[in-house]
Amino acid sequence: MARFSGDDEAVLQAMLRQLFQSVKEKIRGAPSLECAEEILLHLEETDENFHNYEFVKYLRQHICDTLGSMIEEEMEKWTSDQSQGEESGYDTVVQQVTKRTQESKEYKEMMHSLKNIMMVVVESMINKFEEDEIRSQERQKKMQKEKNNSYCTDNCSDSDASFNQSYKFCQGKLQLILDQLDPGQPKEVRYEALQMLCSAPPSDVLNCENWTTLCEKLTMCLSDPDPVFNDRILKFYAQTFTLSPLHMTKEIYTSLAKYLELYFLSRENHSPTLSTGVDITNPNVIRLLKKVRLLNEYQKEAPSFWIRHPEKYMEEIVESTLSLLSVKHDQSHLVLQKILDPIYFLALVDTKAVWFKKWMHAYYSRTVVLRLLEKKYKSLVTAAVQQCVQYFELCETMKVDEFLGHSKHCGNKQKTFYYSGQELQYIYFIHSLCLLGRLLIYTQGRKLFPIKLKNRKDSISVTDLLVLFTQLIYYSPTSPKMTAAHLENYSPASVVTEILRILCDQKECAIECLYSSSVIEALLQPIYALMKRTKAVPNCSETALIHIADILARIASVEEGLILLLYGENMNSSEEKSPTGAHIIAQFSKKLLDEDICIFSGSEMLPVVKGAFISVCRHIYSTCEGLQVSLPYNLHESIAKAWKKTSLLSERIPTPVVGSDSISSINLESPNIMAWEENLLDDLLNFAATPKGLLLLQKTGAINECVTFMFNQYAKKLQISRHQKFGYGVLVTQVASTAAGAVALQNSGFINALITELWANLECGRDDVRVTHPRSTPVDPIDRSCQKSFLALVNLLSYPAVYELVGNQDLPNKAEYSLREVPTCVIDIIDRLIILNSEAKIRSLFDYEQSHMFGLRLLSVVCCDLDTLLLLEAQYQVSEMLLNAQEENILETSESQRDFIIDGLSVERNHVLVRINLTGGPMERILPPRILEKGDDPYPWPMFSSYPLPNCYLSEVTRNADVRQDSDLGKLLLHLKMSDKQTEWIENCRRQFCKLMKAKPDLISGGALVELLEKFVLHLSESPSECYFPSVEYTGCLQGTYAGHDWFVSSLFMIMLGNKEKTFRFLQQFSRLLTSAFLWLPRLHISRYLPNETIKSGTHPIYFCSTHYIEMLLKAEVPLVFSAFHMSGFAPSQICLQWITQCFWNYLDWIEICHYITTCVFLGPDYQVYICIAIFKHLQQDILQHTQIQDLQVFLKEEALRGFRVSDYFEYMEILEQNYRPVLLRDMRNIRVQNV
C-alpha cells in the first residue's frame, strides 16, 4: 500500500461511488448528519448486499493480507493455552483474539495507512464535487434569466447528481430566497421560495450570513392572511425544530414566541373575547391555534436535549415563553368583554400543563424557571391562583346543574367546534391547577408564596392554597353521568387528587405542605358533616369521598402524617381539644361498616367507599400507637361482621345455568362480592401487625381465614398492600408467636409450602437452571439459596409454635426413605435434617453434610428458647443423639489414643452440645467458636462424647462478699422497717432503691437481696392500694397445665438461696401484686381473673400488653432499631417474649437477672418494658450491622446481651417512666377487663 498510484485512487473512487449510490435512498431519509453516520455504521446489519460491495471486498482482502498470519498465530496460541485449563466457548476465543489483534503494532500501522489513503481519495472527490457545484450554479443563473419561475434546479455533471443536490446550500441561494419572500413578489414565487427553504439542509441555512435577516422576514410573514403561505412557514418552523441544533431552534422558537406576544398586544389582532368564546372553525382561530400548538410541541420536546447546550439558550427559550404567557390586556372593561390572553390558547392545546411539568422536572431548567418567575413573571403565578380562587367562589355560590356543562369538552372524544367563555375559564382553571400543583413540589416554588390578590385583604399562603385545593374535591360539582375515564380525568376532584398524591409521595414537601391541621380539617370536613347529618357540603359524592380517603391513606402511611392524624399538631398540649383526625376517620368507618349513614344506602359505590376508608384505618391500626387510638371503636368487630355477611352472600351466589337470563347479572355480581370479601379479610389480617391487634383478630374468630388469605397472596407473589414495603415477614412472625396463629399457619398450607421450598433449594436445586457445570461447594455453612428459608423457619419456630406443631408427636424414624419423599412439616425437618440417627436417613440426602449442617444450625437457634430445648430433649433426646454422633466421629489412632475427626459437622455439634448443656450469661459460660484457627492447632477446644463437659467451657465468676454493713444498703434496710405512712414509706423505699442501683448496684445481691425482696413485698401485699389480685392459696394461682417451665419460680428459688419455705411464702404474697402477672407467667395461665375471650385465645398479657408497648416505645425511642426489625421481617415482640418468659436466662449474667426482677418488683411492671427498650438501645449498632448482613433474628436469639447492665440505664428508664407510665400502667391494670 506504500505505492499508491493514480489508478488505485480512481479504482477506490469508483468503489465509493458504487457504495454511496446503493445507500443513497437510506441516507437521504436521514433527519440529520448524525443519523446518516449511524446508518453507515450499522450498514452490515441492515443491508443484505453489504458483503457484495466492491469497497467492502477491498477492505476485507486488505485486512486479510496485512493481519491474516498474525490472527492465525494468536488463534493457535490461545487454543494451546486453553487446552490445559477449563474449556472456553467460541465467543470467548474470538473476543480475546480480537482484543490482542487491536492492541498489536501491525493493526495500528494498518489503520494509519488506510486513513492516509482514504483522506487522499475523499479530498479528491470533494474537490471534484465543488467544481461540479460551481458549474451547476452558473447553469442555474443562466436558466433563471430565461425562465423566471424556475429556481430550484440543481444539476450535477456526474451520475451522482441526485445524491449531491442538497449537499451544499450557498449564500447566494439564501439571498435569493429572501428577495423572493418579499410581500411584493407574486404568490407563486413566494411559495417556491418557501419550498426551496424547506428542502435545504437546516445546518446550511443556519450557517449562512443572512440567517438573522431570514428569521425576521419569516416572523413578518407569519402575519400573512394566506393560509397556505402560513402553513408553509409553520412547516419550515416544524422542520427546523425537528432537525436542527438547539442554537438554531432557539432562534426560531423565540421569533415565534415574540410574534405571538406582539400579536396579542396589537389592537388589530382578531383575538376572541370571553363573551364570544372560541370557534375553532374560524380561519383566524385556526391559524392562531396552529402556531400555539407548534410552540407547545417544542416546549414539551426541548427539555430532552437542552441540557447538552449552554444555559443561555435554554434561558432565552424560557424567558420568551414566560413573557408571552404574562401578556395581559386592559382589564378596565367588563369581564365578559375581556380579550383572551395567550394563556387561554395554551390551555386549550395543553390543558394539564405538560410543558410546565417537563420544564420543572430537571434541576437544570427548574432553577431558571423559578428564578424568572420570582424576579420578573410572578404575575403568571398570581393569575393562576386568582383563577383557582374565582372558580372555588363560583362553586360555593352556584347550583350543581349550572355547572354540569363546564367540563364536557375536556377530553371529550366527540369533535367539538365551539368553546364558550365559561368553558374557556374552566380549561384555564384546570391548567392553573396543574401549574400550581407542580410549583408546590419544589422548595423554591413554595417560596413564591404568599401571593397577594386583588380585592382580597389577606395573602394566599401555601396552606391556604392547599386547603382550597382540598375543598375543590367535594365542592366542585360532578355529573352523575360523568363516569367515563376520559371525562373524569379533567374533573377538578381528579386533578386535585392527583396533585395531592404527588405531594404526598414527596416526603419533604408533604411535611411542609400537607401535614398541617388546616389541611387535615379541610379533608375531614365532609366526613364530619356527614356524621353530624348537616348540609355543609351538599355536593359531596361517593367519588369525592374515595378521593379524600386516598389522600388520607397516603398521609397515614408516613410516620409524620400518622402522628398528625393521631394527636394533632399540639400533641403535648393539655388544652381541651376536638377529636383528632384518627378518631373521626375510625368513627366514620365504623358507621359505614355498620351502615349507620343512610345517605349512601343502596349505592353501588358504597363498598368502594367503605374499602377506601378502611384502608385509611388499616394504616392507623397496623401500628401500636394507632391501635391504641382506634381501640374504642372496635373496628375489628365491625370488619368481621361485614366479612361474615359478605361471606354468606358469596356462598349463596347460584351456579350459572346455561340459557338462564340471570347469567350476566351473576357474572357481574360475583367478582364484586368476592373482591369485597378478600378486601375485608385483608383488613382483618393487618390487625396481626401488632401483638394487641393479633389478640383482637383472634377474638373475631377469623384468624384461620385471614392466614389462609395471606398464604394465597404469598403463593401468588403478591404484596399485602401498596404500603407494605417488606413483605410478610413481620406478620408471619407475629402470628407464629401465638399457639392459635401457629395452628392457623399449619392449616393454611403456609408451613407446608415453606418447607417444600426449603427442600427444593437444599436438596434438589432449581429446575429452571440449565446445568452446564456441577454446583459449586457452598462456602457458607448455610448456602445463600437456603438463607431465606432458614430465616423464615427461625421466625416461625417460637416456643408456642413448636409446642403446637411438634408437642407429643413421635419422629417417623422410617426404615427406608425414598429419594422423592419431600418433607412437608416441622416433624419431617427434625427427622430428616436434625436427628440423623440411622443410615437410611443419611442415604436419603443428596448432600448429607450441607443438609445436616442446616439442621444443626436450626437446632442451635431454636434451642436458645429454653422451653423449646426442654421439649426437644424430653421428646427426642437431642443431647444423646449429638453425643452419639460425636462418638462415631472418633478415630482410634492407637489402643490408648482416640482423636476426634475435626470437620464442619463435628465442630457444629460441639458448639450445640455446649450451648444446650450449659446455662449462663455472657460472663458465665464460654461457647466454642464455629470456625477454625490458623496454625498447628486449628481447633484447640476439646470435643466430648459423654458427660461431664470439659471445665474450660465454664468461666470463673468472682463472688462478692456479704456487704450488709454498707451505709447506703443499711439506709434502705432501715426504711423497710419503718411503716407509719404506707404510701410515703413505699415511695421512700423506691427512692432509696434507685439511688443504690445507680451508685452501688453490686450491693443488691445475696442475702441483702433476699431481705430486700421479702420485706418490700410483705409491706406491699398488706397495702390494699397496691394489691391487684385477691389473696388466694398458692395452688389457686395455677390453673391447668402450663406448657412450659416456670423460669420465674426457678429464678426466685435461686435468689432465696434454695430456701423452699421462703420461696413459697414470697410467692403467696407476691401473687397479690400486679407485677406478678407480668413476671410470673404461669400466674395467669387460663386464670379466672382474665376475660373468657382472652383465655380462649391462649395469649398471655406479656404478649398483648408488655411486648405491644415495647414495640410502641421502640418506634418512638429507638426508631432505627424499629426500622431494622421491619426490614429484616422480624418482630421485636417475639424475641422480647422469649427473653421475658425465661427471665433472661442465657442472655444476662445472674446478677443482672436479679436486678431485672428486683427492679420490676420495686418500681412496677412497666419497668419490664423500659428494660427491654434499654437493651435495644444498648444493641443498636449490633442490630443495624446484623440487619445489613441479614441475620438479625439469629443474632438476637443466639447471642447473649454482652455489656448490658440494668444499672447503667437507670436514668434513661426514669425518663421513660415520666413519659409513658400513665398509659402503660393503665393498660396493664386493664388486663382483667373484657375490652382490651
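Cut-offs used in this document
- Residues numbered from 1 in each chain as written.
- Predicted model: local features only at pLDDT ≥ 70, side-chain atom pairs only at ≥ 80, totals over all residues.
- Heavy atoms only, no water.
- Salt bridge = Lys/Arg side-chain N within 4 Å of Asp/Glu carboxyl O.
- Helix = DSSP H or I, 4+ residues; strand = E, 2+ residues; numbered from the N terminus.
- Buried < 20%, exposed > 50% of the residue type's maximum accessible area, 1.4 Å probe, protein only.
- Core = buried A, V, L, I, M, F, W, Y, C linked by side-chain atoms within 4.5 Å.
- Contact = heavy atoms within 4.5 Å.
- Phe/Tyr/Trp six-rings, centres within 6.5 Å; stacked < 30°, edge-to-face > 60°.
- Lys NZ or Arg CZ within 6 Å of the ring centre and 35° of its normal.
- Axes fitted to C-alpha atoms, helices over the stretch in contact; angles between N-to-C directions.
- Parallel < 35°, antiparallel > 145°, perpendicular 65-115°, else oblique.
- Nonpolar A, V, L, I, M, F, W, Y, C, P; charged D, E, K, R; others polar.
- Expected span 1.5 Å × (residues − 1).
- 1 Å grid on protein atoms, 1.4 Å probe; cavity = no way out; pocket = protein on both sides within 12 Å on 5 of 7 lines; lining within 4 Å.
- Points joined across faces, edges and corners; volume = space filled by probe spheres on them.
- pLDDT = per-residue confidence, 0-100.

Caption draft 1: Seen up close, the pattern of salt bridges. Under the counting rule described, the total for this entry stands at 43 salt bridges. Note that glutamate 315 is salt-bridged to arginine 371, the shortest N-O span being 3.0 Å. Of this pair, glutamate 315 sits in helix 16 (residues 311–325) while arginine 371 sits in helix 19 (residues 363–375), and the two are 56 residues apart along the sequence. What makes glutamate 315 partly exposed here is its relative accessible area of 24%. Between glutamate 821 and lysine 814 there is a salt bridge whose closest N-O contact spans 2.3 Å. Connected through salt bridges with shared partners, the residues Glu498, Arg501, Asp505, Asp550 and Arg554 form a single ionic network.

Caption draft 2: Layout of the nonpolar core. Grouped together as the largest cluster of nonpolar side chains are 355 residues, with contacts concentrated most on Leu373 and Phe469. Top contributing element to this core by residue count: helix 21 (residues 421–440), with 12 residues. In this structure, leucine 373 is in contact with Leu322, Phe356, Lys378, Leu380, Val381, Leu439 and Leu448, ignoring residues within four places of it in sequence.

Caption draft 3: Fine view of the environment of leucine 545. Inspection of the secondary structure puts leucine 545 in helix 28 (residues 542–556). With 19 residues separating them along the chain, leucine 545 and proline 526 place their C-alpha atoms 8.0 Å apart.

Caption draft 4: The environment of asparagine 282, seen in detail. Along the chain, asparagine 282 turns up in the loop between strand 1 (278–279) and helix 15 (283–301). Residue classification places asparagine 282 among the partly exposed residues on the basis of a relative accessible area of 31%. Separated by 135 residues in sequence, asparagine 282 and phenylalanine 417 place their C-alpha atoms 9.4 Å apart.

Caption draft 5: Focus on the packing of aromatic side chains. Counted by the stated rule, this structure contains 43 aromatic pairs. Ring plane angle 85 degrees and centroid distance 5.5 Å describe the contact between tyrosine 263 and phenylalanine 264, whose orientation is recorded as edge-to-face. For tyrosine 263, a relative accessible area of 17% gives the class buried. With a centroid separation of 5.4 Å and an interplanar angle of 75 degrees, the aromatic rings of tryptophan 355 and phenylalanine 356 are classed as edge-to-face. Here tryptophan 355 matches phenylalanine 356 in class, with each residue buried. The cationic tip of arginine 190 hangs over the ring face of phenylalanine 229; the distance from NZ or CZ to the ring centre is 4.0 Å.

Caption draft 6: Spatial organisation of the packing of helix 18 (residues 354–361) against helix 21. The geometry of helix 18 relative to helix 21 is characterised by a closest axis approach of 9 Å and an angle of 10 degrees between their N-to-C directions. One finds that helix 18 runs roughly parallel with respect to helix 21. Contacts between helix 18 and helix 21 involve Trp355, Phe356, Lys357 and Met360 from the first element and His431, Leu435, Arg438 and Leu439 from the second. Residue composition of the contact of helix 18 with helix 21, grouped by class: 5 nonpolar, 1 polar and 2 charged.

Caption draft 7: The arrangement of helix 39 (residues 750–764) in detail. Taking 1.5 Å of rise per residue, 15 residues should cover 21 Å, and helix 39 covers 20 Å from first to last C-alpha, within 8% of that figure. All of the buried residues in helix 39 are Phe750, Ile751, Leu754, Ile755, Leu758, Trp759, Asn761, Leu762 and Glu763.

Caption draft 8: Seen up close, empty space enclosed by the protein. Enumeration over the complete set of coordinates arrives at 10 cavities of 30 Å³ or more. As for the largest cavity, its lining consists of 13 residues, and the residues nearest its centre are Leu797, Val826, Ile830, Ile834 and Val862. Elements that contribute at least two residues to the lining of the largest cavity include exactly helix 41 (799–806), helix 42 (826–834) and helix 44 (848–862). In terms of residues, the lining of the largest cavity owes the most to one element, helix 42, which gives 4 residues. Of the residues belonging to the lining of the largest cavity, the class tally is 13 nonpolar, no polar and no charged.

Caption draft 9: The confidence of the model for the chain, seen in detail. Summing up the model confidence of the chain, the mean pLDDT is 83 and the portion of residues at 70 or higher is 83%. For the chain, per-element mean pLDDT is lowest for helix 8 (residues 161–164), which scores 34, and highest for helix 60 (residues 1166–1178), which scores 98. Counted against residues more than four places away or in other chains, residues 479–487, with its pLDDT under 50, gives 13 contacts. Confidence drops under pLDDT 50 across residues 662–668; counting only partners more than four residues distant or on other chains, this segment forms 8 contacts.

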